Structures are given as structure tokens and as C-alpha cells.
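The chain contents come next:
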Amino acid sequence: MIDEFFAGEIDIVENGISRRVSNFEAIVLQLWIKAMAGKKRATNVLLQYQAFAARRYGSVKQRIELVCEDASEEEPRGNNA
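Caption draft 1: Expanded view of the environment of W32. Summarising the element assignment, W32 is placed in helix α2 (residues 23-36). A relative accessible area of 35% places W32 in the partly exposed class.

Caption draft 2: Representation of the pattern of salt bridges in the model. Evaluation of the coordinates by the stated rule reveals four salt bridges. Two residues, R20 and E9, come together in a salt bridge whose shortest N-O distance is 3.3 Å. Linking R20 in strand β2 (residues 17-22) with E9 in strand β1 (residues 9-14), this pair joins segments that are eleven residues apart in sequence. A relative accessible area of 47% means that E9 is categorised as partly exposed. Between E14 and R19 there is a salt bridge, with the nearest N and O atoms lying 2.8 Å from each other. Since its relative accessible area comes to 32%, E14 is described here as partly exposed. Sharing partners across several salt bridges, the network here consists of E9, D11 and R20.

Caption draft 3: Focus on the environment of A7. Summarising the element assignment, A7 is placed in helix α1 (residues 2-7). A7 sits 15 residues away from S22 along the chain, and the two C-alpha atoms are 5.6 Å apart.

Reading the values: rules and limits
- Residues numbered from 1 in each chain as written.
- Predicted model: local features only at pLDDT ≥ 70, side-chain atom pairs only at ≥ 80, totals over all residues.
- Heavy atoms only, no water.
- Helix = DSSP H or I, 4+ residues; strand = E, 2+ residues; numbered from the N terminus.
- Buried < 20%, exposed > 50% of the residue type's maximum accessible area, 1.4 Å probe, protein only.
- Salt bridge = Lys/Arg side-chain N within 4 Å of Asp/Glu carboxyl O.

Structure below.
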């Protein structure tokens, strides 16, 4: 069921240009945008996807390399205490 969802397609708009991508690609693109904006959770999820793909498929054609300052530090979780 998850594979079927990821294989489904949606339309996205990038720089004013519409194109059709898989749901998985749309999710990864959003994570990439957030990671590049400094969101550490998004960076961690991208790295987890990369590790999963490497385990599942042996080798990953594209590597996601992100350089973050102190990636071990967690982002605040919105506790207003």
C-alpha cells in the first residue's frame, strides 16, 4: 500500500513551471527545501531515507549530502513551557 502511494503522481509548480512527479519525489523535494532552510528534522529524515534506500536497494544512485552545523542538536518541539 505504501509503495502504491509513493508511486502515485501529483502536479507541482516550481519556478512557475508545472510538472508531474511521484508522491515520493514531492515529499523528498519538500524535505530538501526545508533541510536547506536549516530545519534539522528534515535533514535527519532525508538521511534516514538515504540509509533505507541503501539497505533496500544495495547502492543508491544519488547520494544526498547535507552539511549542517551540529546536526546532532535537535530542533525545539514547540513546547511553550
